[in-house]
There are 2 protein chains.
Amino acid sequence: MPIEVFDSLNTFIKLHVDMSNTKITVVGGGLAGSLMAVYFAKRGYEVNVYERRPDMRNTDISAGKSINLALSTRGIRALERVGLKDAILTEAIAMHGRTMHDENGGLSYQPYGKEGQYINSVSRGGLNIQLLELADENPDVHLHFNHKCIDVDFESGTTMFEDENGDQVTVEADYIVGGDGAFSAVRMAMMTSGRMDFSQDYLDHGYKELEIPPTANGEFALDPNSLHIWPRGEYMMIALPNPDRTFTCTLFYPFTGETSFDTLKSEADVKSFFNTHFSDAVPMMPTLIEDFFNNPTGSLVTVRCYPWVKGKAALIGDACHAVVPFYGQGMNCAFEDCVVLDDCIEKHQGDLDAAFAEYQVLRKDNANAIADLAIQNFFEMRDHVGDADFLHYKQIEHDLCELHPDLFKSQYEMVTFTNVAYSEAKELGAKNTALVMEIIRQGNEDKISDRNFILDQLAKRDAMMA
Amino acid sequence: MPIEVFDSLNTFIKLHVDMSNTKITVVGGGLAGSLMAVYFAKRGYEVNVYERRPDMRNTDISAGKSINLALSTRGIRALERVGLKDAILTEAIAMHGRTMHDENGGLSYQPYGKEGQYINSVSRGGLNIQLLELADENPDVHLHFNHKCIDVDFESGTTMFEDENGDQVTVEADYIVGGDGAFSAVRMAMMTSGRMDFSQDYLDHGYKELEIPPTANGEFALDPNSLHIWPRGEYMMIALPNPDRTFTCTLFYPFTGETSFDTLKSEADVKSFFNTHFSDAVPMMPTLIEDFFNNPTGSLVTVRCYPWVKGKAALIGDACHAVVPFYGQGMNCAFEDCVVLDDCIEKHQGDLDAAFAEYQVLRKDNANAIADLAIQNFFEMRDHVGDADFLHYKQIEHDLCELHPDLFKSQYEMVTFTNVAYSEAKELGAKNTALVMEIIRQGNEDKISDRNFILDQLAKRDAMMA
C-alpha cells in the first residue's frame, strides 16, 4: 500500500512504500539515537530504542559528558526537520563571539562570524529530554531504558541486551542503528566479528567542569553572549552560559606531568593554581574547591573507524566518529549524520541496505575532516587565541568575510554557519590561511577593501596551490 | 640472599637479588609468551603461563596463523639466550634470496644479502613446541592450558581466566605479561579501563594457504633455498619450503571487488584463475582445489597501541604491535621485545616497574617502524619485484653492499641481518633510496666500485637530506 502523506507538523514526507512492517532497533537513546528514531518513525518505520541508562526524564543522571553544547547551523537544520527548531532555540543562549581573558583579567573579543551569525549554548540534558519526549509521543517509537547492549547478530538483525534485572533480552528487527556513543557496544561487536579499521586517540589533556553561579542580584557574572576563553598556552579554561544564568566552566589541563591534574592534589594546590592563572575568574567561583574535587576528570578521545555498516547494522554519531569538543561540532556532526541517512532512505525509498551503503560513503571523509579540525582548534584556542598576531590575522579574515562575502568565507563560518561538507571546509580553510598570511606578509592589509586586489591575490594563491 | 650463578647451559646470569618470591603471570603460550616465560624463570622468577588453547604438544591444532615463518638475526639472538639456537637452525631451511616467477613461468632471482646471509624457514608449530618444552623443563615455569583470559586487575596484578569447564579461575601475581597475540585480552582490558591510544588497520587483501607437495621421487618441487614469489601487481602468491620437502604457498588476494576471493566461488573459477596467473605452479599443486575451499581466508591486520604498560602489566609481541607478514619480522620483532625487556630487567635488577617503563619507551618507535616497513614491503613484493627497473635498482643496491660494506648497508640487510634499531633502519632505507636513484639517474652505475665516487655521492646526499 503506497502512502504519500504531507506531514502537517513539518515538511516531512513519508516514503512511497509502506514501511510499517519494517522494524528498526536503535541502540542508544542519546542525542543522535533519539533524533534518528524520530526520523525513522516519520518515514513510517516501527522503531524500538534501547538505552543503557535509566530514563533521564525521571532520573537525575550525569551522562559523564559536557553539560552544555554549541548548537549551530547543521544541528538546527536537523532539528527543523522534526519541528523542534523553535522550541530549542527559545531556550538557547546566543554566543556571538569569543571573549578572551588574559592573566591580568584583560579582555579581548573576536566575533564568530558576520553580523547576525552566532552559535547557541544549549543544555545537553534539556535537548535530550525534548528529543525523547518527541520520540515518545510518536506511536511508532517505543522506548526501553536500562537495557545494555551485549551482542549483535549482524546477519539476522538480532540484538542482545541485558536488562536491569540482569536478564538477557533478545530483540529481532530488520535493521539496527548504533547510536550508542564513543564507546559503542554495537561498534565493539562489529570489531570483534570481522575486519574493521579502528583507532582511538586520546589527548594528553583531561577536562574538569566547574561553575560560575549568578551574581548576588541574580545576573550573569560575565557577558552571556560570548564563549569565554582563558587561553594559557599548554592549557585553557572556557565558560559557556546556561539559561539559569550560571556559566559552566571547563578546565582543559594535562593529566600527567609537571603542570597537570596529577600535581593538583591539595586544596592549596588548586587555590594557588587558579589564583595565579585565572585570577579574574576566581572571585566568581565560590564552589571552586568543592567542584574541583567532586567532579570527575573527563578524557578527550578521537574515534575513527570504517566501515560503519555491517550486515543489517549502521553506526551514527560518536559511535563511528567521536571528536574532541573544540570546534563545537560533535552534536552538530551527529545530527548531520541523521539528516544524510534520512536523505539516503528517501532516495532509496526504504531500501535500507542501499541507504546505509550510500550514507557511510557520503559521511566518512567529512567525519575525518571535522575530527582533524577539532584537534587543530584545540591548539588554536589554547595557544594562539590570545596572541596579538593571531588577533590581527583573525581581524583581516573577519574583514574579508564582511567585505567580500561572495569571494571569501572563513573556515569557521563554513563549518559553523553553513551545511558545506566538512571536508570542503577543511580544504578551503588551508587555502584561506595562505591568502591572509600573504596579505599580512606584503603589509597590504589596507588594500583589502579593493575587490580587484583580492581577486588578484586569490588568482595568485590558486595558481600557487594548484 | 643475593644469588649470582653462571648458568652452564648458556650465558644467562641470574639477578643479584633473589626473585624466587616474585610471581609472574604470563598470558599466552605462543611464541613470545613461552620465550618470555623462560627468560623470567632464568632470572629466578616464579612463572605461570596461561594459554587459551589446548596444549599443542598433544593436540593437532591450527592457530589460524601462518604455517612457516622466516627466522632471522633478531630472532636467532633471542633463541641463543636460552640455548635453542642450534636446535632450531638444524631443522630450518636456508633461503638465500627471492625467486620470482612471471606469468610465463620465467624466473629471476635476487639475493637477500651478501654471500652467507640468508633467512631461515621454520615451522611455527615446531618452534612453539620446542619453546613450550624448554619452559616445561624449568621447575620455575608452570604451564596451564585451556585458560581464557577474561579480565585483569592492573593494580593488584590479578588475572581472571575461564577454564575448560567454564569455571572462573583467579590468579594472583606480582606482575603480568600479556603475550596473547593480535587480539590480546590483556590489551582489551587495558583499553576498557582507561586511556589507551589504539589502532587496527586491515589490508584489503586476505590470504589463503595452499600446498606444493614433494615430487614423485620425493624431492622438493622447486629450489628449496629460495623464497618463491609470483608477483602480479594487485596480488601475489609466495611459497616457503618445509623440512618435509613440501612448500607452503600463500595467495594474497583482495577480499572483495572485481578480482577477489569474492569472485572465486566455483572450482572452475579457481582453476581458471590459477591457470591464467600461476600456470607454472598449477602442475605442482595437486590438491589446489581442496586446499582452496577447505582452508580459511585469513586477514592481515596492523595493530598499534600505547602505552604498553598499565599498573603491574606489560604487553609484548603481537599484543602491542601486530604487523603484516611481508618483511618476515613479526616473530623476530616479538622475540626482540623479549630480549629488550630481559635487558631492562637485568639493568634494573628486578625492579619490574622500572624495567617495564624503560622497555616500552625503547620499543615503541621500533615497533611502529617495522609496522610501516612491512606494509611498504607488501607493495614492493606484489607490484615491483618483477620489474626490470626494480631488479636493476636492487642489483646496484646489492653491489654497493658487496663493494663498500663499511659505507653502505641496505635497509633489508639492516632489518634482517643486524640488530640495528628498526627505526634507524627505516630512516637509512629512505636515504639509500635517494642515493641509488641518483646514481641511476646520472647513469653512473659503472662508477660504483670507485670508493671516492661513492664517498662524494654520500656527502651530496647527506647535504641534500640534512
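Residues numbered from 1 in each chain as written. Chains lettered and ligands numbered in written order. Predicted model: local features only at pLDDT ≥ 70, side-chain atom pairs only at ≥ 80, totals over all residues. Heavy atoms only, no water.

Secondary structure assignment for chain A yields 14 helices and 19 strands. Taken over the C-alpha trace, chain A has a radius of gyration of 23 Å; the compact-globule value for 466 residues is 23 Å, and the two agree within 12%. Counting only C-alpha atoms and orienting by the principal axes, one finds that chain A spans roughly 65 × 60 × 45 Å. The buried share of chain A, reckoned over its 466 residues, is 53%. Look at the contacts in chain A between residues 6 or more apart in sequence, and 70% of them connect residues 24 or more apart. (Helix = DSSP H or I, 4+ residues; strand = E, 2+ residues; numbered from the N terminus. Rg over C-alpha atoms; globule rule 2.2 N^0.38 Å. Buried < 20%, exposed > 50% of the residue type's maximum accessible area, 1.4 Å probe, protein only. Contact = heavy atoms within 4.5 Å.)

The interface is formed by 15 residues belonging to chain A together with 15 residues belonging to chain B. Both faces considered, chain A and chain B share a buried interface measuring about 1300 Å² in area, 50% of it formed by carbon and sulfur atoms. Looking only at chain A, the three residues that lose the most surface to chain B are Arg195(A), Gln200(A) and Tyr202(A), adding up to 47% of its buried area. Taken together, chain A and chain B are joined by zero salt bridges. Inspection of the region where chain A meets chain B yields eight residue pairs in polar contact (both at pLDDT 80 or more). Looking at which element gives the most residues to the side of chain A that touches chain B, the answer is strand β13 (residues 197-212) of chain A, with eight residues. Its residues placed into classes, the side of chain A that touches chain B shows seven nonpolar, four polar and four charged. The sheet contact formed by β13(A) and strand β13 (residues 197-212) of chain B spans three bridges and is antiparallel. Paired with Gln200(A) across the bridge in β13(B) is Phe198(B). (Buried area = accessible area lost by both parts, 1.4 Å probe. Salt bridge = Lys/Arg side-chain N within 4 Å of Asp/Glu carboxyl O. Polar contact = N/O pair within 3.5 Å; in protein donor to acceptor, adjacent residues only side chain to side chain. Nonpolar A, V, L, I, M, F, W, Y, C, P; charged D, E, K, R; others polar. Pairing = 2+ DSSP bridges.)

Turning to the pairing of strand β9 (residues 148-153) of chain A, a few remarks are in order. Residues and elements named next belong to chain A. Note: β9 against strand β10 (residues 158-162), five bridges, orientation antiparallel. Along β10, the bridge assignment pairs Lys148 with Glu162. Hairpin geometry of β9 and β10 is characterised by an intervening segment of four residues between the two adjacent antiparallel strands and by a positive phi of about 80° at Gly157.

Residue and element names in this part refer to chain B. Most of strand β16 (residues 247-254) sits inside the fold, with eight of its eight residues counted as buried. Taking every second residue as pointing to the same face, both faces of β16 are buried, with Phe247, Cys249, Leu251 and Tyr253 on one and Thr248, Thr250, Phe252 and Pro254 on the other. Here β13 runs beside β16; their pairing, made up of eight bridges, is antiparallel. Residue pairing in the sheet places Leu210 in a bridge with Cys249 of β16. Pairing of strand β15 (residues 236-241) with β16 involves six bridges; the strand directions are antiparallel. Along β16, the bridge assignment pairs Met236 with Phe252. From the end of β15 to the start of β16, which pair antiparallel, there are five residues, and Arg245 there has a positive phi angle of about 70°.

Now for the sheet that holds strand β7 (residues 119-123) of chain A. Residue and element names in this part refer to chain A. Pairing is antiparallel across the open sheet formed by three strands, whose spatial order is β3-β7-β4. Two strands in the sheet have a free side with no partner beyond their single neighbour: β3 (68-71) and β4 (93-95). Looking at each pair of strands side by side, their axes are set apart by 35° on average, direction ignored. Where β3 lies against β7, four bridges are found, and the strand directions are antiparallel. Each residue of the ladder has a partner; that of Leu69, found in β7, is Val122. (Axes fitted to C-alpha atoms, helices over the stretch in contact; angles between N-to-C directions.)

To continue, consider a negative patch on the surface. A contiguous patch of negative charge, built from Asp151(A), Asp153(A), Glu155(A) and Glu172(A), is present on the exposed surface. For Asp153(A), the position within the fold is in strand β9. (Patch = residues over 30% accessible without salt bridge, like charges linked within 9 Å, V, L, I, M, F, W, Y side chains within 5 Å. Areas by Shrake-Rupley, 256 points an atom, 1.4 Å probe, with all protein chains shown as cover. Lys, Arg positive; Asp, Glu negative; His and termini not counted. Charge placed at Lys NZ, Arg CZ, Asp CG, Glu CD.)

Moving on to the domain arrangement of chain A. As a measure of interface size, the accessible area lost when the parts come together is often cited. All names here are of chain A. In terms of domains, chain A is made up of domain 1 (23-90 + 122-200 + 301-376), domain 2 (202-299) and domain 3 (387-465). Centre-to-centre separation of domain 1 and domain 3, based on C-alpha positions: 35 Å. Taken together, the contacts link 17 residues of domain 1 with 13 residues of domain 3. Taken over both partners, the interface formed by domain 1 and domain 3 buries close to 1300 Å², and the fraction arising from carbon and sulfur atoms is 52%. Connecting domain 1 to domain 3 are one salt bridge. In this structure, Lys426 engages Asp372 in a salt bridge whose closest nitrogen and oxygen atoms are separated by 2.8 Å. Between the two partners, domain 1 and domain 3, sit ten residue pairs in polar contact (both at pLDDT 80 or more). (Domains from an automatic or database assignment.)

Residues and elements named next belong to chain B. Between helix α11 (residues 388-403) and helix α13 (residues 422-442), whose axes approach to 10 Å, the crossing angle comes to 110°. What the angle tells us is that α11 and α13 run roughly perpendicular. Pair α11 / α13 crosses with right-handed handedness. Taken together, the residues of α13 that come into contact with α11 (itself represented by His392, Tyr393, Ile396 and Leu400) are Asn432, Thr433, Leu435, Val436, Met437 and Ile440. Along the lines of polarity and charge, the residues of the contact of α11 with α13 split into seven nonpolar, three polar and no charged. (Parallel < 35°, antiparallel > 145°, perpendicular 65-115°, else oblique. Left-handed = near helix turned anticlockwise from the far one by under 90°.)

Residues and elements named next belong to chain A. Along its 18 residues, helix α9 (residues 330-347) runs 26 Å from first to last C-alpha, staying within 8% of the 26 Å computed at 1.5 Å per residue. Within α9, 14 of the 18 residues are buried, which leaves the element mostly enclosed by the surrounding structure. A positive phi of about 45° marks Gln349, the residue just after α9. (Expected span 1.5 Å × (residues − 1).)

Attention now goes to empty space enclosed by the protein. All names here are of chain A. Following the criterion strictly, the structure yields one cavity of 30 Å³ or more and no others. Estimated volume of the largest cavity: approximately 50 Å³. For the largest cavity, the lining is made up of eleven residues, of which Gly29, Glu51, Arg53, Pro54 and Met56 are closest to its centre. Each residue belonging to the lining of the largest cavity can be placed in one class, and the counts come to five nonpolar, three polar and three charged. (1 Å grid on protein atoms, 1.4 Å probe; cavity = no way out; pocket = protein on both sides within 12 Å on 5 of 7 lines; lining within 4 Å. Points joined across faces, edges and corners; volume = space filled by probe spheres on them.)

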